[in-house]
Amino acid sequence: MSQKSAGESEALTVWRDLEAPGIAVFEELARDAFSRLPDSFRALCEGLVIRIEDFPTDEVLDEMDAETPFDLLGLFQGVGRAQADAVAHTGQMPNMVSLYRRPILDYWAENEETLGDVVTHVLVHEIGHHFGLSDGDMEAIEDRAN
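These remarks concern the structure in this document. Counting of residues starts from 1 at the beginning of each chain's written sequence and follows it residue by residue. The predicted nature of this model means local features are confined to residues of pLDDT at least 70 and side-chain atom pairs, given and counted, to a pLDDT of 80 or more, with totals for whole chains, interfaces and linings taken over all residues. To get the side-chain values, all heavy atoms of the structure are used, and hydrogens and water are removed first.

1. Description of helix H7 (residues 135-145)
Note on exposure labels: buried denotes an accessible area under 20% of the residue type's maximum, exposed denotes more than 50%, and partly exposed covers the range between, all computed with a 1.4 Å probe on protein chains only. A run of H or I in DSSP counts as a helix once it spans at least four residues, and a run of E counts as a strand once it spans at least two, with each numbered from the N terminus. Those residues of H7 not exposed but buried are Met138, Ile141, Glu142 and Ala145. The arc that holds the buried residues of H7, viewed along the axis, is 100 degrees, so those residues lie on one side. Residues of H7 that are exposed and point more than 90 degrees away from the buried face comprise Glu139, Asp143 and Arg144. Contacts are assigned to residue pairs with any non-hydrogen atoms lying within 4.5 Å of each other. Those residues of H7 that are buried are in contact with helix H3 (39-43) and helix H6 (115-131). Arc definition: directions from the helix axis to the C-beta atoms.

2. Section: the packing of helix H5 (residues 101-110) against H6
When two helices pack together, their arrangement is given by the angle between their axes and by how far apart the axes lie. Contact geometry for H5 and H6: axes closest at 10 Å, N-to-C directions at 125 degrees. Here H6 runs oblique to H5, going by the angle between their axes. The crossing of H5 and H6 is right-handed. Between H5, through Ile104, Leu105, Tyr107 and Trp108, and H6, the contact on the second element is made entirely by Leu115, Val118, Val119 and Val122. Fitting a line to C-alpha atoms yields each axis, with helices limited to the stretch in contact; the angle taken between N-to-C directions then spans 0 to 180 degrees. Should an angle lie under 35 degrees it is considered roughly parallel, over 145 roughly antiparallel, and from 65 to 115 roughly perpendicular; all remaining angles are considered oblique. In this scheme the handedness of a crossing depends on how the near helix is turned from the far one: anticlockwise by less than a right angle means left-handed, clockwise means right-handed.

3. Remarks on the sheet that holds strand E1 (residues 49-53)
A strand pair is defined by DSSP finding two or more bridges across the two strands. Strand order across the open sheet formed by three strands is E1-E3-E2, with mixed pairing between neighbours. Only two strands of the sheet have a single neighbouring strand rather than two, namely E1 and strand E2 (74-77). Going from strand to strand, the sheet's axes swing by 20 degrees on average, the running direction of each strand aside. In the sheet, E2 pairs with strand E3 (residues 96-100) via four bridges, with the strands oriented antiparallel. Each residue of the ladder has a partner; that of Gln77, found in E3, is Met96. Lying on the sheet, helix H2 (residues 23-35) is in contact with E1 and E3; it crosses E1 at an angle near 150 degrees.

4. Brief notes about H5
Every buried residue of H5 is accounted for by Arg101, Pro103, Ile104 and Leu105. In this structure, the buried residues of H5 make contact with H2, E1, E3 and H6.

Okay, structure coming up:
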């Protein structure tokens, strides 16, 4: 085994004592990511509920034809603004974005992105469904948030 430098040993000590971020930390990451989105974009999100769950439900997995619980990082549920005028509003549940903690952690572990960037990406992508935005539009919003 090779000797580690002082900086490597300090980094190892920090990581050795860390736990995977829980739902409360993810809620903070999501709030922070949302707060960094352009003001005009956030203003259009009035009434949107953002929630953190460990995994999608079995019903969501079936509906989305997901092979494993790790296939979905997030999901928009509701009536997107693009379709809002075409749908009756009686008894309508609030629009909701779910961010799935465990699949996001798995994705983060496999890629070279910060956890905050991954949460921001998933949040923008799912909110983008709310507005019917293109991938290019969502990428531009993400760039402004970072």
